[in-house]
Amino acid sequence: MKYVILVLTILLVSCSGYEDSRIDPSFQPEIEESDLHKDGEVETLFANNSKGVNIVIMGDGFVRNDLQINGAYEQEVKEQIDFLFTIPPFKGREQFFNVHIVYTESQETGVDGFNDTTYDTALDLRLSENNFFNAPRAIVFVNDEEVVYKYAERAVPARENIHLIMIVSKGSFINGAANGIMAIASENNLETMVHEVGHALGGLADEYFFEENRDENYDASFVNNLDNTNDLTAIKWNYIAAHPNYSDFVGAYEGGGYVPNNVWRPEQESLMKGGWRFFNTPSREQIVKRIHEINELPYSFEDDFINNDEFVRSSKQGTSKLYLPLQGCVSTKK
Ligand SMILES: [Zn+2]
């Protein structure tokens with residue numbers, strides 16, 4: 001007993017009075033390998049359907065410490081997926097999807113071109129100054145798609161079966177972009193990521209516009225959420241505008257595709273315009289059609305869309321005061 005008390009006394013003495021000078025606040029204990037996700041590791045969040053839409057989500061610029069189990073990387077990508085599936089028409093359609101995380105380990109946090117610096121990151125994203133509609137904008141791009149596919153194919157080995165790659169960029173301080181099937185956004189930028197998914201999976205166009213582009217034209221013939229006519233009997237979404245569920249708010253609102261004139265969008269607000277957490281009705285339908293196409297399922301407007309569509313009426317839409325053009329966002333379709 002005396003021995004135990006002696007040991008406790010020594011411990012108490014040795015633990016008191018030294019803490020301020022002996023603890024280095026920047027010191028981080030070495031993390032055990034077993035507490036880390038490995039570079040290239042796959043975690044499947046849900047695998048619902050062998051013919052389903054295969055999503056692979058990855059991070060870039062996340063360093064070793066971020067790869068802790070339940071750490072920054074894991075939490076960020078799971079938050080992105082959770083948010084995506086709160087947005088109609090993804091909401092409630094999880095059964096049509098398979099979602100995989102692939103972990104990547106970067107040596108540095110950042111994106112090439114930021115501060116004129118090159119960063120050693122796993123997916124090698126880069127910022128590029130583009131003179132986009134008369135204004136220089138820094139847009140994030142995939143430097144080398146092969147690098148990205150090499151990681152994505154760890155989850156979905158046949159490249160043609162990868163339908164959407166979501167990339168979260170840490171430390172890039174940009175909004176986002178879509179390169180083909182790749183949707184890119186910086187961390188915590190949940191709405192921007194869904195907007196980029198609208199490009200990358202739905203083939204949707206940007207609906208925001210800049211008043212100064214009065215002399216520019218936008219050819220809407222290749223997209224389903226903009227049209228160059230405002231004739232509601234001829235417009236692409238005429239059957240939606242005529243439907244009693246939607247007729248009081250789906251119409252023709254001028255401006256979209258970066259230009260304010262001679263192009264019309266279907267509703268006042270939409271995620272493809274920015275600042276709003278809803279896709280407009282033709283955009284939701286386009287995404288549902290794409291989901292059915294990939295799943296090789298027949299599609300019916302009545303049975304597969306209207307009967308389980310969640311929408312916001314125009315009286316609730318107004319014109320968003322939070323409207324922020326998604327500057328730097330651009331879609332490059334293959
Ligand atoms: Zn966009």
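Just above, that's the structure.
Everything numeric here is computed off the predicted structure, so don't read it as measured data.

Counting buried positions along strand 2 (residues 53-60) yields eight of eight residues, so the element is predominantly enclosed. Covered by surrounding structure in strand 2 are Val 53, Ile 55, Ile 57 and Gly 59 together with Asn 54, Val 56, Met 58 and Asp 60, the residues of both alternating faces. Note: strand 2 against strand 3 (residues 97-102), six bridges, orientation parallel. Note that in strand 3 the partner of Ile 57 across the bridge is Ile 101. Each parallel crossover has a hand, and the one from strand 2 via helix 3 (residues 72-84) to strand 3 is right-handed. Sheet analysis places strand 2 next to strand 6 (residues 164-169), joined by six bridges and oriented parallel. Bridge pairing in strand 6 places Asp 60 opposite Ser 169.

Our next topic: the packing of helix 3 against helix 5 (residues 190-200). Where helix 3 contacts helix 5, the axes come no closer than 10 Å and their chain directions differ by 65 degrees. In terms of crossing hand, the pair formed by helix 3 and helix 5 is right-handed. Packed against helix 3, whose contacting residues are Gln 80, Phe 83 and Leu 84, the element helix 5 presents Leu 190, Met 193, Val 194 and Val 197 at the interface. Of the residues contributing to the contact of helix 3 with helix 5, the split by class is six nonpolar, one polar and no charged.

Secondary-structure assignment places Thr 121 in the loop between strand 3 and strand 4 (125-132). On the basis of neighbour count, Thr 121 is assigned to the buried category, with 28 C-beta atoms found within 10 Å. Sequence separation of Thr 121 and Glu 108 is 13 residues, and the distance between their C-alpha atoms is 5.8 Å. Beyond its immediate sequence surroundings of up to four residues, Thr 121 is in contact with Asp 60, Gly 61, Ser 106, Glu 108 and Gly 110.

Cut-offs applied
- Every residue gets a number counted from 1 within its own chain, in the order that chain's sequence is written.
- Reporting of local features is limited, given that this is a predicted model, to residues whose pLDDT is at least 70; pairs of side-chain atoms are given and counted only at 80 or more, and all residues count toward the totals for whole chains, interfaces and linings.
- Buried means a residue has 20 or more other C-beta atoms within 10 Å of its own C-beta, exposed means 12 or fewer, and partly exposed covers the counts in between; C-beta atoms are placed from the backbone.
- Working definition: helices are DSSP H or I runs of at least four residues, strands are E runs of at least two. Numbering for both runs from the N terminus.
- Between any two strands, at least two bridges found by DSSP are needed for them to pair.
- Look down the strands so they point away from you; if going from the first strand over the helix to the second traces a clockwise path, that crossover is right-handed.
- Structural elements are reduced to axes, namely lines fitted to C-alpha atoms, with helices fitted over the stretch in contact, and the angle between N-to-C directions of any two is expressed from 0 to 180 degrees.
- Put simply, a crossing is left-handed when the front helix is turned counterclockwise from the back one by less than a right angle, and right-handed when it is turned clockwise.
- Distance between backbone-placed C-beta atoms decides contact: two residues are in contact if it is within 7 Å.
- Polar here means any residue other than Ala, Val, Leu, Ile, Met, Phe, Trp, Tyr, Cys and Pro, which are nonpolar, and Asp, Glu, Lys and Arg, which are charged; Gly is therefore polar.

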